[in-house]
Each structure stands twice: as structure tokens, then as C-alpha cells.
Amino acid sequence: MAERGPVVVIGSGAAGSACARGLASEGWDVTLIERGRWGGTCLWYGCVPKKSLYQSARVAREGRTAEQFGVKTGRVEIDWPGVLAWKWHAEETWAGDQKALLAGAGIELLEGEAKFSSDSTVEVNGATIPFEYAVIATGARSAVPNIPGAELADTSDDALGYADLPSSIAIIGGGFIAMEFGAVFASVGVDVSVVTRGPRVLEMLDPDLSLVAERRLQSLGVTFRASSKLSAIRADSGRITAILETSDGEEASVDAERILLATGRTPNVEELRIEAAGVAADSRGRLVLDTAGRTTNPKVFAAGDAAGGEMHTPVANYEGAVIARVIGSGVSESADCSGVPITCFTEPQLATVGLTEATARENGYEPDVRRISFDAIAAGVIADVRDEFVKVVASKSDGRILGVQIAAANASDLIYSGALAIRAGMTLRQLGETIAVHPSFSEALYYSGD
């Protein structure tokens, strides 16, 4: 067991908090440094506020279809200040007193900008703090392309708090952030265009998932422009124009009141003065890490979005906890995120865990794919959501479940069953022997088994 000395954790988001709590509980002298709001990106600029907007948008959609089920609600109107008020309420309620919660765990808290001053010290507010270990958990920020007029566009931070609802918005990007904001704004009456550099949205997900979401958003009025690269942004008479270069080299444009850049996220490491600590970065500015999250300085680790891997809150929390164990035990351990479920909160929700049919083949498996559409289960017919589905990917040789993909209004809840099945090493036969409630959407997983 390594000696329990001073540890400095930079950043109080999911990764930093998990790491600091784990180390403090084992008796380490932990100092947690935060330059912004305590709680990090997920709480104030990511998951919680976005999911709050998603909830309001979902209620609006359901209100418009209520008469189909014999419920007359009258005309659905959007009170945008009320939507923002609910978002702020959800954030503050979930946050509680972050500083008190962390301090109560035995962690020393410092507010300020942390910068490395040597391979074993950081400076904060003019004071030098020595460390035996340091953990970089500074999160990430929106990536802004280096193009003319980029300053005219918004990022996700801006979109979370628009004082007035725009009449139209062009969203540049085809990932989670783009599709989540696309669903929100389309649901509350905004004219939405989505511009993707690739041939389809959500290229990191199973094509069947992205196809359902694209069709559903089109039904809400969203226009998609694929295979188009943003080359410039111009402003004229209160409108903003995104200048695009199409795949065939032609120029095109999209006009909107707002342009939202959803073009990825960049780790926040540039201002840490990592070179003073002997911490290396690659040509893209991302930290060079081993499988345990250790930098080129063996005393300095990185976790969460700052590490530049999968930028999801559960992953950040898990990586922070793993690094705490590595520091505490002195034994290297890799953060295996292959079984972590993730969800895109668009319309409908899209969730995945483990391997897709394509990645199963890439990993040498002959996949046995079971897809159950919700029009084949009673719950789907009752709720009239027949285009949603569950897909289970198993190994044909032994029936072991390798992955699960779900497109459903409650996919974020259903996917946990898939994660459990994978972690437990369940087979299709065992899945089919685990009886589900009737009528329920979980029956789609049950019917996927043998």
C-alpha cells in the first residue's frame, strides 16, 4: 500500500469528485481545486440542464398527441421563461450544496486557477501546493472550428440559456449534442436545420438507431443536410448564414436566426501549464496517457473528459474511481468502459451498450442478431410507438450476449437490463428464460431470447 500523502485533484466534476471522494475515504490528504462552479460540466452545462430541456420538450410532444388517447388538453403553448425556470430549478435541486458535500467528505476545497509549477507542485492564487499525486479532471469545452465568422455562432453553453426562443436555428454537427438540441428546439416550435459533415447523423451508433431518430425528427420539421462541411459564417440584417462546402465541391448555405456549433468537445488542459510538470500532449493537444490514465509524469493522472476518451458522465465517474484505486493500491488497473451504457436523449432516446452488429464482426464474432420491433409487443401497440425497437447482438457460437441497442422513449431505463446481461455473461437462452412483465416494453428484451 502506497503511503497516504497529499493528492491534488483539479476539477470538481464527475471524475474529480469521484476520485477525491475515493481517496479521502482511504485517508489521503486531498485538495480539490475548482475555477468555476462546483459540480462541473454535467451539473451546470451538460447532462442535467440538457435533460431538463428534454423533459419540457417531451411534455410538449405528448401534449400535442393527447387527443389520440382520449385526453383533451387544449392548445399546447410554450412558455420559454418557464422552461428555463424549470431547468434552473432542476439544476439547483440536484446540486444541493456541492461545497458542503465535498467538504463533509474530508476534502480541502480551493477556488482558483490551478497551474503546474513543477513535476510535484501546483500554484493556486499565488500559493504553491506540493503533491505526491495529482489528477487532472478539468473537463472539456465546445470545439470551435477555425473558420471565418466562427465568433458569430453559439456553443451548447449558450443554447442552454437562450433568453428568447429563436425562430430558427442551424445546428452544425451530427453527434449527441446536435441531435439532442435538435429534438428540443423542434419540439418547442423552432425551425431546425442539422448540417452533418458525414453521410448520416450519429455515425458512432448502430445505423438502425440513427435512422429512427432522423425519421422522427423529420416528422417534427427538422431538415437534414448531409455530407456538408462548414467553411464560414456570415451575418446580415439580423440573420446568420452558414456557408457550406458540399461533398461534390459546390457551395451551399443555410440561413437562421442562430447557428449552434455542435462540432465536438476539446479537453481543458491548455491553461494548466502541463509542460512544467513533464506531462506530454500529442499533436492534437490531448494528453498522452497509459491504460490506467497515467500521464508521462507517473505522479500525474487524468480522468473524465480531460482524458479525451469517451465523454460521458458515467465514464468520467468510473475513471475517477479507478484512478483513486490505482493511487491507493499502487497497482495499475485499466478503466474498462466497454460495458458502460450510454444514451442520446433525442427523439426517441437512443441507447447502446457493448458491441453492435458491425463491431461484433470487427472483433471476430459471427453475430446472431435479434431485433424486436415494438409493433410486435402489446406495450408498443398500446402506446402507438411501433417504429421503436430493441436489438440484441449475441455470439452465434455460444449464444452469449455481446451488445444491446434500443430506440425507445424510455431507452435510457431499458438499456440497464442489457448492461446487466452482458456483465453477467448471459446467453440468449437465459434471456428468454427471464420472464418480463406483461404488457411492458421490457418484453422486447425477453422476446429477443431463445
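Residues numbered from 1 in each chain as written. Predicted model: local features only at pLDDT ≥ 70, side-chain atom pairs only at ≥ 80, totals over all residues. Heavy atoms only, no water.

The subject of this paragraph is the overall build of the protein chain. For the protein chain, the count of helices and strands is 14 helices and 22 strands. Its C-alpha atoms give the protein chain a radius of gyration of 23 Å, within 12% of the compact-globule value 22 Å for 450 residues. If one aligns the C-alpha atoms of the protein chain with their principal axes, the spans along those axes are about 65 × 65 × 45 Å. Taken across its 450 residues, the protein chain has 51% of its residues classed as buried. Contacts in the protein chain between residues far apart in sequence, at least 24 positions, make up 63% of those at least 6 positions apart. Charged side chains in the protein chain number 40 positive and 59 negative. The centres of these two groups are separated by 2 Å. (Helix = DSSP H or I, 4+ residues; strand = E, 2+ residues; numbered from the N terminus. Rg over C-alpha atoms; globule rule 2.2 N^0.38 Å. Buried < 20%, exposed > 50% of the residue type's maximum accessible area, 1.4 Å probe, protein only. Contact = heavy atoms within 4.5 Å. Lys, Arg positive; Asp, Glu negative; His and termini not counted. Charge placed at Lys NZ, Arg CZ, Asp CG, Glu CD.)

The tally for this structure, following the rule as stated, stands at 9 aromatic pairs. Measuring from ring centre to ring centre gives 5.9 Å for Tyr162 and Phe185, while their planes differ by 35°; the resulting arrangement is tilted. One end of the pair, Tyr162, is in the loop between helix 6 (156-159) and strand 9 (168-172); the other, Phe185, is in helix 7 (residues 176-187), with 23 residues separating them in the sequence. Each member of the pair Tyr162 and Phe185 is classed as buried. Taking 5.2 Å as the distance between ring centres and 35° as the angle between the ring planes, the aromatic pair formed by Tyr446 and Tyr447 counts as tilted. (Phe/Tyr/Trp six-rings, centres within 6.5 Å; stacked < 30°, edge-to-face > 60°.)

What follows is about the pattern of salt bridges. The tally for this structure, following the rule as stated, stands at 27 salt bridges. For Asp208, the salt bridge goes to Lys391, with nearest N and O atoms at 2.7 Å. Of this pair, Asp208 sits in helix 8 (residues 207-219) while Lys391 sits in strand 21 (residues 389-395), and the two are 183 residues apart along the sequence. Two residues, Arg370 and Asp450, come together in a salt bridge whose shortest N-O distance is 2.7 Å. Of this pair, Arg370 sits in strand 20 (residues 367-373) while Asp450 sits in the segment after helix 14 (443-448), and the two are 80 residues apart along the sequence. Given the relative accessible area of 54%, Asp450 is considered exposed. (Salt bridge = Lys/Arg side-chain N within 4 Å of Asp/Glu carboxyl O.)

Turning to the packing of helix 3 (residues 47-64) against helix 4 (residues 80-95), a few remarks are in order. The contact between helix 3 and helix 4 brings their axes to 9 Å, and the two run at 135°. For the element pair helix 3 / helix 4, the angle class is oblique. Note on packing geometry: the crossing formed by helix 3 with helix 4 is right-handed. Between helix 3 and helix 4, the residues in contact are Val48, Pro49, Ser52, Leu53 and Ser56 and Trp80, Val83, Trp86, Lys87, Ala90, Glu91 and Trp94, respectively. A class-by-class count of the residues in the contact of helix 3 with helix 4 yields 8 nonpolar, 2 polar and 2 charged. (Axes fitted to C-alpha atoms, helices over the stretch in contact; angles between N-to-C directions. Parallel < 35°, antiparallel > 145°, perpendicular 65-115°, else oblique. Left-handed = near helix turned anticlockwise from the far one by under 90°. Nonpolar A, V, L, I, M, F, W, Y, C, P; charged D, E, K, R; others polar.)

Residue Pro348 follows Glu347 across a cis peptide bond; omega there is -5°. Tracing the backbone through its elements, the reader meets Pro348 in the loop between strand 18 (342-344) and strand 19 (349-354). Cis geometry marks the peptide bond from His438 to Pro439; its omega dihedral reads -10°. As for its placement among the helices and strands, Pro439 is situated in the loop between helix 13 (428-432) and helix 14.

So, on to helix 7. Because each turn of an α-helix spans 3.6 residues, side chains separated by three or four positions in sequence point in the same direction. Taking 1.5 Å per residue as the helical rise, helix 7 with its 12 residues ought to reach 16 Å, and the 17 Å between its terminal C-alpha atoms agrees with that figure. Of all 12 residues making up helix 7, 12 are buried, and the element is well covered by its neighbours. Gly189, located one to two residues past helix 7, shows a positive phi value of around 95°. (Expected span 1.5 Å × (residues − 1).)

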